[in-house]
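Coordinate inspection notes
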Amino acid sequence: MSRLDSVIRRLMAQRACIDRAVELIGDAPGSVLEIGLGNGRTFDHLREKMPDRVIHVFERQVAAHPDCIPDDDHLFLGEVVDTLPQAADRLGREAILIHSDISTPFQEINERILAVQAAVLPKLMRPGAILLADQDIPVEGMADLPLPDGVKPGRYFFKQMK
Ligand SMILES: C[S@@+](CC[C@H](N)C(=O)[O-])C[C@H]1O[C@@H](n2cnc3c(N)ncnc32)[C@H](O)[C@@H]1O
């Protein structure tokens, strides 16, 4: 598969998973956490699909499209291993959807971030919350959900808090 094919499939998987998650949460109360703003593509999709939800974003250095930058009150700026615990203290268990797209090419860094996410995300999620991620975050107490049609296993991870 060419790198172009791979990028296209990853973006289609992201969109399919986000759209499915939006359907699943329906009108359930709660906010959204976007971990890894990047250029703001998925943030923009999340806010377009859920215009009435509060979305908090985590990013170490903002370099997004100017139209896709959250305001300061909704941005946790800095290393996610520091800002996630800060968010848990400030927000508590209010998220109904978390989308994490933050993996790096470096396994050691990824493992550290995964360990922090596994420990802290349960302190941010409501019962029934959905976790979508580009990596398999080993959060206890979550059930794997089937991926949307056309999304290859391992490309995205889709879980729900029991
Ligand atoms: C793949 S991009 C996210 C792309 C985004 N989903 C989009 O659609 O545009 C990953 C982002 O995570 C951020 N990031 C990576 N490691 C981080 C860390 N340890 N703490 C905070 N942000 C981090 C990077 O700066 C980058 O902007």
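Below is a short write-up of the structure.

Here we look at the pairing of strand E4 (residues 95–100)
- Most of E4 sits inside the fold, with six of its six residues counted as buried.
- Bridge count between E4 and strand E5 (residues 125–133): five bridges; the pairing is parallel. If you follow Ser100 over to E5, its bridge partner there is Ala133.
- Crossover connection from E4 via helix H4 (residues 107–120) to parallel E5: handedness right-handed.

Here we look at the nonpolar core
- Ranked by size, the top nonpolar core spans 28 residues in total, and within it Leu121, Leu124 and Met125 carry the most contacts.
- Listed by contribution, the elements that provide at least two residues to this core are strand E1 (31–35), helix H3 (80–91), E4, H4 and E5.
- If you tally residues by element for this core, the top one is H3, at six residues.
- In terms of nonpolar packing, the next biggest core, distinct from the first, is built from 23 residues, Ile18, Ile55, Ala64 and Phe158 among them.

A few points about the site of the ligand
- Surveying the vicinity of the ligand reveals 15 residues, the closest of which are Thr42, Glu59, Glu79, Val80 and Asp101.
- One nitrogen or oxygen atom from the main chain of Arg41 is found 3.1 Å from an oxygen atom belonging to the ligand.
- Val80 has a polar backbone atom sitting 2.9 Å from a nitrogen atom of the ligand.
- Contact with the protein chains hides 84% of the accessible area of the ligand, taken as 600 Å² for the molecule alone.
- Here the ligand is seated within the largest pocket.

Some details on the layout of surface pockets
- Computed from the structure, the largest pocket encloses a volume of approximately 500 Å³.
- Contributions of two or more residues to the lining of the largest pocket are made by helix H1 (3–25), helix H2 (41–49) and strand E2 (55–59).
- Examining the composition of the lining of the largest pocket, we find that three residues originate from one element, H1, more than from any other.
- Residue classes in the lining of the largest pocket are distributed as seven nonpolar, nine polar and seven charged.

Describing the sheet that holds strand E7 (residues 157–161)
- The strand order across the open sheet formed by seven strands is E3-E2-E1-E4-E5-E7-E6, and the pairing between neighbours is mixed. Taken across any chain shown, the strands that pair with only one partner, and hence form the sheet edges, are strand E3 (75–77) and strand E6 (142–144). Taking the axes of each pair of neighbouring strands and ignoring which way they run, one obtains an average angle of 20° across the sheet.
- Bridging between E1 and E2 involves four bridges; their strand directions are parallel. From the neighbouring strand, Glu34 faces E2, where its bridge partner is Val57.

Here's the deal with the side chain of His45
- As for its placement among the helices and strands, His45 is situated in helix H2.
- Beyond its immediate sequence surroundings of up to four residues, His45 is in contact with Arg15, Ile18 and Asp19.

Analysis parameters
Residues numbered from 1 in each chain as written. Predicted model: local features only at pLDDT ≥ 70, side-chain atom pairs only at ≥ 80, totals over all residues. Heavy atoms only, no water. Buried < 20%, exposed > 50% of the residue type's maximum accessible area, 1.4 Å probe, protein only. Helix = DSSP H or I, 4+ residues; strand = E, 2+ residues; numbered from the N terminus. Pairing = 2+ DSSP bridges. Right-handed = clockwise from strand over helix to strand, strands pointing away. Core = buried A, V, L, I, M, F, W, Y, C linked by side-chain atoms within 4.5 Å. Near = heavy atom within 4 Å. Polar contact = N/O pair within 3.5 Å; in protein donor to acceptor, adjacent residues only side chain to side chain. Areas by Shrake-Rupley, 256 points an atom, 1.4 Å probe, with all protein chains shown as cover. 1 Å grid on protein atoms, 1.4 Å probe; cavity = no way out; pocket = protein on both sides within 12 Å on 5 of 7 lines; lining within 4 Å. Sits in = over half its atoms within 2 Å of the grid points. Points joined across faces, edges and corners; volume = space filled by probe spheres on them. Nonpolar A, V, L, I, M, F, W, Y, C, P; charged D, E, K, R; others polar. Axes fitted to C-alpha atoms, helices over the stretch in contact; angles between N-to-C directions. Contact = heavy atoms within 4.5 Å.

Everything listed here is a matter of geometry and, on its own, says nothing about what the molecule does.
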